[in-house]
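Given next are the chains, with one letter for each unit.
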Amino acid sequence: MRFDGRVWFDFTNPQVWHFYRFIRSFVKAGNEAAIEWLPLFDGEQVEAMSAYVMPRSPEDRGRFLHAMLGLVHVEGMDANERPTVSQALAAAGLGSEIVVDVEKLRQISTEAHVLGVAKTPTLYKLGPVLHIELNAAAYTGDVTATGASILAVLANDGVWGLTKP
């Protein structure tokens, strides 16, 4: 099964961490993921998001995303602090340069807001966007069925929300 689309993220939202872990488990289970991860800038995490959007290969961005999310959600480091970003860059093998580009971050976020993206993580693949909320069961259970469910809701323009208490 293939899971693809754009996902807007930030580095601090626990829901982004759950979704990221779900995608990793989804791929590990033999599925394919082709996701374009895009930062949703709100004035915070400027150095981390700038480091992410610097011209890099998708593989480099993936390693940086992995390192930053791990440092923030496993190690408890602050995504708004330069030492965290520097450590993630080093862990990803990307040197230490950070070129802050607030204009590019604002442009990406403006494009997201035009599509209806209001929070993270949000998935887009032609049509309405889908905000995703998961828990640990999503990446420890039947990840292929979970992926199929997410994509089915995304594709169904009549479903605008499903929530469990």
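Provided above is the structure to which this section pertains.
Let me begin by describing the structure that accompanies this report. (Residues numbered from 1 in each chain as written. Predicted model: local features only at pLDDT ≥ 70, side-chain atom pairs only at ≥ 80, totals over all residues. Heavy atoms only, no water.)

A few words now on the overall build of the protein. A count of helices and strands for the protein gives seven helices and four strands. Start at the N end of the protein and walk to the C end: the helices and strands fall as β-α-β-α-α-α-α-β-β-α-α. Over its C-alpha atoms the protein spans a radius of gyration of 16 Å, differing by no more than 12% from the 15 Å that the globule rule assigns to 165 residues. C-alpha extents for the protein along the principal axes are approximately 45 × 35 × 30 Å. For the protein, the residues scored as buried account for 44% of the 165 residues in total. Partitioning the contacts of the protein with sequence separation of at least 6, the portion at a separation of at least 24 is 72%. Accessible surface for the protein amounts to roughly 8,600 Å². Of this, 52% is attributable to carbon and sulfur atoms. With 14 positive and 19 negative side-chain charges, the protein shows a spacing of 5 Å between the two charge centroids. (Helix = DSSP H or I, 4+ residues; strand = E, 2+ residues; numbered from the N terminus. Rg over C-alpha atoms; globule rule 2.2 N^0.38 Å. Buried < 20%, exposed > 50% of the residue type's maximum accessible area, 1.4 Å probe, protein only. Contact = heavy atoms within 4.5 Å. Areas by Shrake-Rupley, 256 points an atom, 1.4 Å probe, with all protein chains shown as cover. Lys, Arg positive; Asp, Glu negative; His and termini not counted. Charge placed at Lys NZ, Arg CZ, Asp CG, Glu CD.)

Quick look at the packing of aromatic side chains now. In the structure shown here, the tally under the stated rule is twelve aromatic pairs. Judged by centre distance (5.1 Å) and plane angle (80°), the rings of Phe 9 and Tyr 52 are edge-to-face. In this pair, Phe 9 is assigned in strand β1 (residues 2–9) and Tyr 52 in helix α2 (residues 46–53), connecting sequence segments 43 residues apart. Judged by its relative accessible area of 4%, Tyr 52 falls in the buried class. Aromatic side chains Phe 19 and Phe 22 sit 6.1 Å apart centroid to centroid with 40° between the ring planes, which places their arrangement in the tilted category. Taken together, the residues Phe 19 and Phe 22, both in helix α1 (residues 14–28) and three residues apart, mark about one turn of the helix. Accessibility classification places Phe 19 together with Phe 22 in one group, the buried group. Pairwise contacts between aromatic rings join Phe 3, Phe 9, Phe 11, Trp 17, Phe 19, Tyr 20, Phe 22, Phe 26, Trp 37, Tyr 52 and Phe 64 into one cluster. (Phe/Tyr/Trp six-rings, centres within 6.5 Å; stacked < 30°, edge-to-face > 60°.)

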